[in-house]
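Structural features, examined
Here's the letter readout for the chains.
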Amino acid sequence: MHEELKKIISEAMNTRFEFEQKLIQRAWEDENFKQELLSNPKAVFARESGEELPKDLEIEVIQETANKVYLVLPTNPAPDITKELSEEALEAVAGGVSGCTLWSRIKNVCIGWSAVRNANNLA
C-alpha cells in the first residue's frame, strides 16, 4: 500500500507542476497575462483551471529575479504514510475516487489521498 500512496502523491504533484508550467510559459509570452497573474492570481488560477476555488484558499505569485530564487516547500500530505489501512478503510476508498480537482491537489495533494488519509483514521 505504501507504494500506491507514493504513486498517488507523485501523480498529483506532477499535475500541479504541469499546470504551473503552463501558467509560467504564458506569463513569459504575454505581458498582460503576467501582470494579471501577479495582481490577481486567484482569479487567473480559477479561470485557467476552470474550477471554483474555495474562499479560504490563498494563491500568491512571487517573481524571481536574477539574484533571488525561491524554493517552495509544499505541505507534507503524508506524515504517517507507513500506517496500514484496515480492510474496512480500504473498502471505503477502493474505486470510489476517480480523480482530483486541481485546487485540491495544491491544497491537499489529492482528493484520493485525502480520502485514504481520512479512511486511515478509521483504522
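By convention here, each chain's residues receive numbers from 1 onward along its written sequence. Under the rules for a predicted model, residues below a pLDDT of 70 receive no local features and side-chain atom pairs below 80 are neither given nor counted, while totals for whole chains, interfaces and linings still include all residues. Hydrogens and water are ignored here; the side-chain numbers use all heavy atoms of the structure.

A short note on the overall build of the protein
Runs of E in the DSSP output that reach at least two residues are strands. Runs of H or I that reach at least four are helices, and both are numbered from the N terminus. Helix and strand content of the protein: six helices and zero strands. In the protein, once contacts between residues fewer than 6 apart in sequence are set aside, the share between residues at least 24 apart is 59%. Only carbon and sulfur atoms are counted for the fraction: they give 51% of the accessible area of the protein, which is about 8,600 Å². Throughout, a contact is declared for two residues whenever any of their heavy atoms are within 4.5 Å. Per-residue and other accessible areas follow the Shrake-Rupley method at a 1.4 Å probe size, with only the shown protein chains counted as cover for residues.

Here we look at helix H2 (residues 31–39)
For every residue, the accessible area (1.4 Å probe, protein chains only) is compared with the maximum for its type, and the residue is labelled buried under 20%, exposed over 50%, or partly exposed between those bounds. Looking at H2, one finds that the buried residues are Phe-33, Lys-34 and Leu-37. Taken end-on, H2 shows its buried residues confined to a sector of 100°, consistent with a single buried face. For H2, the exposed residues set more than 90 degrees away from the buried face come down to Asn-32 and Ser-39. Along its buried surface, H2 packs onto helix H1 (2–29) and helix H3 (41–49). Taking the backbone nitrogen of Asn-32 as reference, a side-chain oxygen 3.0 Å away marks Asp-30 as the first, capping residue of H2. To be clear, the arc concerns the directions from the helix axis to the C-beta atoms. Polar contact is the term for a pair of N or O atoms within 3.5 Å; when the atoms are in protein, one must be able to donate a hydrogen and the other to accept it, and sequence-neighboring residues count only if both atoms are side-chain atoms.

A few points about H3
Taken residue by residue, H3 has Pro-41, Val-44, Phe-45 and Ser-49 as its buried positions. Buried residues of H3, seen end-on, are gathered within an arc of 115° and therefore sit on one face of the element. Backbone geometry just after H3 places Gly-50 at a positive phi near 75°.

Details of the confidence of the model for the protein
Note: pLDDT gives the predictor's confidence per residue, expressed from 0 to 100. Per-residue confidence for the protein gives a mean pLDDT of 74; residues scoring 70 or more make up 61%. Summarising per-element confidence for the protein, the mean pLDDT is lowest in helix H6 (residues 111–120) (37) and highest in H2 (97). Across residues 96–100 the pLDDT falls below 50, and counting only partners more than four positions away or on other chains, this stretch makes eight contacts in the model. Within the model, pLDDT remains below 50 along residues 107–123, and this stretch shows 42 contacts once partners closer than five positions in the same chain are excluded.

Re the nonpolar core
In these notes, a set of buried Ala, Val, Leu, Ile, Met, Phe, Trp, Tyr and Cys residues joined through side-chain atoms within 4.5 Å is what counts as a nonpolar core. Phe-19, Leu-23, Ala-27, Phe-33, Leu-37, Val-44, Phe-45, Leu-53 and Leu-57 together form the largest nonpolar core, which totals nine residues. For this core, the leading source of residues is H1, giving three residues. Discounting residues that sit within four places of it in the chain, Val-44 has contacts with Phe-33, Glu-36 and Leu-37.

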